[in-house]
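The lines below spell out each chain.
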Amino acid sequence: MYDGDVVVIGGGYAGVRLAKRLDGSARVTLVDRKEVFFHRIASLRAGVDPEWTGAPFIPYDRLLRNGRVAVGKAVRVDTTERQVVLATGERLPYDVVVIASGADYPEPARFTGTTPEEAAKSFAEHQQNIATADHVLVVGGGPSGVELSAEIRLARPDARVTLAHSGPALLHSTGSVRAGRKARAWLEAHDVEVQLDSFMSPGNDFGTYRDARGNVIAADLSFWATGTTPNTLWLRLAGHGDWLNEAGHVKVDRTLRVEGWLDVFAVGDVNDATELKITPAAFAQADLAAHNIRTYLQSSGKHRKEPRSYRPIHRTPLIVPFGPTDGVTMLPVLGGETAVLGGRTTTLAKAKALMTPYMRRQLGYTAA
């Protein structure tokens, strides 16, 4: 019935999708230090709006029918014994191991602690700080910074909100000038102060921030939406630094295997497949890796299936909500252009529910 043991390290978007895809054909163990799935897409609103505090937490208990979820921290991949070693000392044998440990995001888009209660407490603290701040500074004008600035503004119409971005235009990493203009127009129409070409660092005095030209901003609350760090320090500490590139991402080949290893894969934010680190890419990688893992576990004799090669998703719809009822959607169209759609499309696609019903269904729960 089952073709082997697959250990998936990390229960984020890619890990959950992959574990579910393989649950019927292999003995799957999903390892995560959290006891629930963290729906990060809902986390920015959860950090601002008390009604959303519990929305990002979805239990793992209905994800796998046959496999199991092991709550714990992976500390080593023992490639000689083919075992994953947990911090508790438990050893999980594998025929295939998948590194899906994701990336670390700045707060409030971070799961703080190990239990939903600890993470919810952190969200509540952010909500309280935002509710009482006179001036909130958001640093970083990518999708997360724009979304967070809009959420803060809608929660606190009376506070001063500043968005400082080191680039020449908002959302410039997406390649869509129109989307950046639309985001800036919405923010400025809602009295968010947008500062471009403004590289920020903490100032000398507490609560002050300084740009590259020496200008000082005083703000009693700040959020840094300036990128992510791959969760691979544990691999480096375990002696697998040669698996990583300079930025700390796991180096993979076109089949999403770690270079030089047939039985070690890496999917999602943690790997170096070059593209925007967004959920559709994580799902696409998980689906392709699931096919290749099945192919590897089942292949014997001359009728071998061939593994598939992954083609990075350079052009995928990208949705940036401005609160629950507005936003911008970038939709690739033929000829290399990008269509930019406004509030109605964005609200239906993501802004209102932040994909929460969809992810609840992915984990075996009803949408509500």
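Residues numbered from 1 in each chain as written. Predicted model: local features only at pLDDT ≥ 70, side-chain atom pairs only at ≥ 80, totals over all residues. Heavy atoms only, no water.

For the protein, an unreviewed UniProt entry supplies the name FAD-dependent oxidoreductase and the organism Streptomyces scabichelini. The Sequence similarities (unreviewed entry) field of the UniProt record for the protein holds the comment "Belongs to the FAD-dependent oxidoreductase family." (UniProt positions renumbered as here; feature names shortened; annotations may be inferred.)

1. Things to note about empty space enclosed by the protein
Counted according to the given criterion, the structure contains one cavity of 30 Å³ or more. Taken as a whole, the largest cavity encloses approximately 40 Å³ of empty space. Taken together, ten residues line the largest cavity, and the ones lying closest to its centre are Gly268, Asp269, Lys277, Ala281 and Ala282. Among the residues making up the lining of the largest cavity, the classes are represented as four nonpolar, three polar and three charged. (1 Å grid on protein atoms, 1.4 Å probe; cavity = no way out; pocket = protein on both sides within 12 Å on 5 of 7 lines; lining within 4 Å. Points joined across faces, edges and corners; volume = space filled by probe spheres on them. Nonpolar A, V, L, I, M, F, W, Y, C, P; charged D, E, K, R; others polar.)

2. Focus on the packing of aromatic side chains
Under the counting rule described, the total for this entry stands at eleven aromatic pairs. Aromatic side chains tyrosine 13 and phenylalanine 37 sit 5.2 Å apart centroid to centroid with 85° between the ring planes, which places their arrangement in the edge-to-face category. Taken together, the positions of tyrosine 13 in helix 1 (residues 13-22) and phenylalanine 37 in strand 3 (residues 36-38) put the pair 24 residues apart, joining distant regions of the chain. This pair shows no difference in class: tyrosine 13 is buried, exactly as phenylalanine 37 is. A ring pair is formed by phenylalanine 57 and phenylalanine 123, whose centres lie 6.0 Å apart and whose planes are at 25°; its orientation type is stacked. Here phenylalanine 57, found in strand 4 (residues 57-59), pairs with phenylalanine 123, found in helix 3 (residues 116-132); they are 66 residues apart in sequence, far enough to count as distant. Put simply, the rings of Tyr13, Phe37, Phe283 and Tyr358 pair up and form one aromatic cluster. The side chain of arginine 17 reaches across the aromatic face of phenylalanine 283, ending 4.4 Å from its centre. Over the ring of tryptophan 52 we find arginine 45; its NZ or CZ atom is 4.9 Å from the centre of that ring. (Phe/Tyr/Trp six-rings, centres within 6.5 Å; stacked < 30°, edge-to-face > 60°. Helix = DSSP H or I, 4+ residues; strand = E, 2+ residues; numbered from the N terminus. Buried < 20%, exposed > 50% of the residue type's maximum accessible area, 1.4 Å probe, protein only. Lys NZ or Arg CZ within 6 Å of the ring centre and 35° of its normal.)

3. Quick look at the domain arrangement of the protein
Under the domain assignment, the protein is made up of domain 1 (5-108 + 228-298) and domain 2 (116-227 + 317-363). Contacts between the two partners involve 36 residues from domain 1 and, on the opposite side, 36 residues from domain 2. Of the roughly 3000 Å² buried between domain 1 and domain 2, counting both surfaces, carbon and sulfur atoms make up 67%. Taken as a group, Leu44, Arg45 and Val48 account for 22% of the area that domain 1 buries against domain 2, more than any other trio of residues on that side. Between the two partners, domain 1 and domain 2, sit one salt bridge. (Domains from an automatic or database assignment. Contact = heavy atoms within 4.5 Å. Buried area = accessible area lost by both parts, 1.4 Å probe. Salt bridge = Lys/Arg side-chain N within 4 Å of Asp/Glu carboxyl O.)

4. So, the sheet that holds strand 22 (residues 338-341)
Read from one edge of the open sheet, three strands run 20-21-22, paired in antiparallel fashion. Of all the strands in the sheet, just strand 20 (318-321) and strand 22 have a single pairing partner and so form its edges. Adjacent strand axes in the sheet meet at a mean angle of 15°, parallel and antiparallel pairs treated alike. With four bridges connecting them, strand 21 (residues 327-332) and strand 22 associate as antiparallel partners. (Pairing = 2+ DSSP bridges. Axes fitted to C-alpha atoms, helices over the stretch in contact; angles between N-to-C directions.)

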